[in-house]
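# Summary of the model geometry
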Amino acid sequence: MKRAAFGTLGCKVNQYETEAMEELFLKKGYSLVSFDEEADVYVINTCSVTNMSDRKSRQMIRRAKKKNPEAIVAVTGCYAQTAAEDVAKIEGVNLVLGTKDRKNIVELCEAASPHTQSCLVGSIMDTHEFEALTITRYTDRTRAFIKIQEGCNQFCSYCIIPYARGPVRSRPEAEVLSEIRRLADNGYKEIILVGIHVASYGVDLGDTSLEQLLVKTEQISKIERIRLSSIEPMTLNRAFIDKIRVCKKLCHHFHISLQSGSDETLRRMNRKYTTAQFKDIVTGIREAFEDAAITTDIMVGFAGESEEEFNETLRFIDEISFSDAHVFQYSPRRGTPAAKRPDQISPEVKEARSKLVIEHTKKSRDEFIGRFVGKTLPVLFEQPARDGLFEGKTGNYITVHAPSKTDISGEIKDVFLKSASDGIIIGEIV
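Residues numbered from 1 in each chain as written. Predicted model: local features only at pLDDT ≥ 70, side-chain atom pairs only at ≥ 80, totals over all residues. Heavy atoms only, no water.

### Structural notes on the pattern of salt bridges
Where we set the bar: In the sections that follow, a salt bridge refers to a side-chain nitrogen of Lys or Arg positioned within 4 Å of a carboxyl oxygen of Asp or Glu. Under the scheme applied here, a residue whose accessible area is under 20% of the maximum for its type counts as buried, over 50% as exposed, and between as partly exposed, the area being computed with a 1.4 Å probe on protein chains only. Numbering of helices and strands runs from the N terminus; a helix is a DSSP stretch of H or I covering at least four residues, while a strand is a stretch of E covering at least two.
For the structure on display, the rule yields 40 salt bridges. Between Glu 179 and Arg 171 there is a salt bridge whose closest N-O contact spans 2.6 Å. Note on accessibility: Glu 179 and Arg 171 belong to one class, buried. The salt bridge involving Glu 307 is made with Arg 353; its shortest N-O contact spans 3.3 Å. Of this pair, Glu 307 sits in helix H12 (residues 307-320) while Arg 353 sits in helix H13 (residues 347-370); the two residues are 46 residues apart in sequence, bridging distant segments of the chain. Among the charged side chains, a network of salt bridges with common partners joins Glu 17, Arg 102, Glu 131, Lys 147, Glu 150 and Arg 165.

### Some thoughts on the nonpolar core
Condition: Only buried residues count toward a nonpolar core. Its members are Ala, Val, Leu, Ile, Met, Phe, Trp, Tyr and Cys residues joined through side-chain atoms within 4.5 Å. Note on definitions: a residue-residue contact is assigned when non-hydrogen atoms from the two residues lie within 4.5 Å.
Ranked by size, the top nonpolar core spans 74 residues in total, and within it Ile 148, Tyr 158, Leu 193, Leu 210, Leu 214, Phe 254 and Ile 285 carry the most contacts. Not counting chain neighbours up to four residues away, the residues in contact with Leu 210 comprise Ile 148, Val 198, Ala 199, Tyr 201, Leu 228, Ile 231 and Phe 240. Formed by 22 residues, the second largest nonpolar core is a distinct cluster that contains Val 33, Ala 71, Ala 88 and Val 93.

### Details of the state of the cysteines
Just so we agree on the cut-off: When two cysteine sulfur atoms lie within 2.5 Å, the pair is treated as a disulfide.
Inspection of the entire model under this criterion finds zero disulfides. Of the cysteine sulfurs around Cys 109, a residue in no disulfide, the closest is that of Cys 119, at 14 Å. A relative accessible area of 2% means that Cys 109 is categorised as buried. Of the cysteine sulfurs around Cys 152, a residue in no disulfide, the closest is that of Cys 156, at 6.5 Å.

### So, the environment of Pro 403
When you line up the elements, Pro 403 lands in strand E16 (residues 399-403). Assessed through its relative accessible area of 34%, Pro 403 is described here as partly exposed. For the pair Pro 403 and Glu 391, spaced twelve residues apart in sequence, the C-alpha to C-alpha distance is 9.0 Å. What Pro 403 contacts, discounting residues up to four positions off in sequence, is Gly 388, Leu 389, Gly 427, Glu 428 and Ile 429.

### Digging into the pairing of strand E4 (residues 72-77)
Two faces belong to every sheet, and in a regular strand the side chains alternate between them. Rule in force here: Two strands qualify as a pair provided DSSP detects at least 2 bridges between them. The path from the first strand over the helix to the second decides the hand: if it runs clockwise while the strands point away from the viewer, the crossover is right-handed.
Most of E4 is tucked away, with six of its six residues classed as buried. Residues Ile 72, Ala 74 and Thr 76 of E4 are buried on one face, and the alternating residues Val 73, Val 75 and Gly 77, pointing to the opposite face, are buried as well. When strand E3 (residues 41-46) meets E4, the two strands line up parallel, connected through six bridges. Bridge pairing in E4 links Asn 45 to Thr 76. As a crossover connection, the stretch from E3 through helix H2 (residues 51-67) into E4 is right-handed. Summarising the sheet, E4 and strand E5 (residues 95-98) pair through three bridges and their orientation is parallel. What sits directly across from Val 75, in E5, is Val 96.

### Some thoughts on the packing of H12 against H13
Rules: Axes here refer to lines fitted to C-alpha atoms; in helices the fit is confined to the stretch in contact. Angles between the N-to-C directions go from 0 to 180 degrees. Here is the rule for angles: anything less than 35 degrees is roughly parallel, anything more than 145 is roughly antiparallel, 65 through 115 is roughly perpendicular, and the remaining ranges are oblique. In this scheme, a crossing is called left-handed if the near helix is turned counterclockwise away from the far one by less than a right angle; it is called right-handed if the turn is clockwise.
At a minimum axis distance of 9 Å, the contact between H12 and H13 shows a crossing angle of 15°. As the angle between them shows, H12 and H13 are arranged roughly parallel. Judged by the sense of rotation from one axis to the other, the crossing of H12 with H13 is right-handed. Here Glu 307, Phe 310, Leu 314, Ile 317 and Asp 318 of H12 lie close against H13, whose contacting residues are Arg 353, Leu 356, Val 357, His 360 and Thr 361.

### Some details on unusual backbone geometry
Notably, Ser 321 is not glycine yet its phi reads approximately 60°, a positive angle. You can call Ser 321 partly exposed: its relative accessible area is 27%. The phi angle at Asp 387 is positive, at roughly 45°, despite the residue not being glycine. On the secondary structure map, Asp 387 appears in the loop between strand E14 (376-384) and strand E15 (389-394). By relative accessible area, Asp 387 is classed as exposed at 72%.

### What about helix H7 (residues 173-185)?
Selection rule: To estimate the expected span of a helix, subtract one from its residue number and multiply by 1.5 Å.
In this model H7 runs 18 Å from its N-terminal to its C-terminal C-alpha over 13 residues, within 8% of the 18 Å that 1.5 Å per residue would give. In this fold, the buried residues of H7 make contact with helix H1 (12-27), strand E7 (143-150), strand E9 (190-195) and helix H8 (210-218). Count one or two residues on from H7 and you reach Gly 187, which has phi positive near 100°.

Rendered as structure tokens:
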């Protein structure tokens, strides 16, 4: 039996696509092994959101060939799409695919040679159909990602992803619902709708929308939780919220990408909202869902970010009081407008600003979590944690640890939340 190993970097969409490609190999009679084991085929699903992602991708490629010089090394994903020639030059690479034609990956790997290189990356910008990659199983036995959409038309000035993923393409609604039903029949209780720009779902189809998909997913009986992945702010207007507030299974967790709390910085980023609009959206969510968790992404050190603009971001973070945040430093991406700007910020300043933002967001995170101590909430348990404790998530994405003598992974239990420390609540099952 031939062995295939996968290495995955980057976002939830990449994770979904890796799971789908793994199923393709399994259906062809391959066994799946760890990336650190010897395999006949190594597939590296790359990310290119930062320079660090590119470097990690290259390191993973080299590791694979060292494990087995006779193996086929196939590279797919965003880095392969945006830097195909560079990837093809890396010693040990046999096949470069990019972000399309993954449905044929098994056949392409079997046709490849361990001592030759083949680059099959073409233009993604003229691709207008959603590539069907489906899953019936997922590594995580409690929560499953469902890819509903591909591509992005926003072209933020710092972002390489529209060039890596192409224009918006939505997956037909019937296909999405069919996959959710299959996963529900296989025991999954929570599904997460993911995409490159989830908010754009349906705009190219004309007969569906994100809110319609949510309402129809609500009707699938075995699914107990529906969660949205990162969503652009302007989608979450009052009309959208009014339509989705009827969804009883929708998790009250909204990851809304802010990037900056300075209007001038947002303008240079080509973000299509102001801080006032963002604040109004958050207010609308909190009015509709009292217990809502609002998490976000914040970029520090964007080209031209002055000290005053950064301080505006800190003040806005405190004003919104996010329940958590992913903080990262701006990384110039070749081929994007922002990378050409002469007013780049030094690494030292970026690091200092990053630490300050993390301090502020941790404070608001702890305040948010503290609101729920003393309450009882349903928790979907995912895995053992430590010392007889199991880890799970509330609907509004609070991490909970609770003791259990039996394995409760995949089960939803009511938990009394006793105490909070470092972003985690300790509870007792009731």
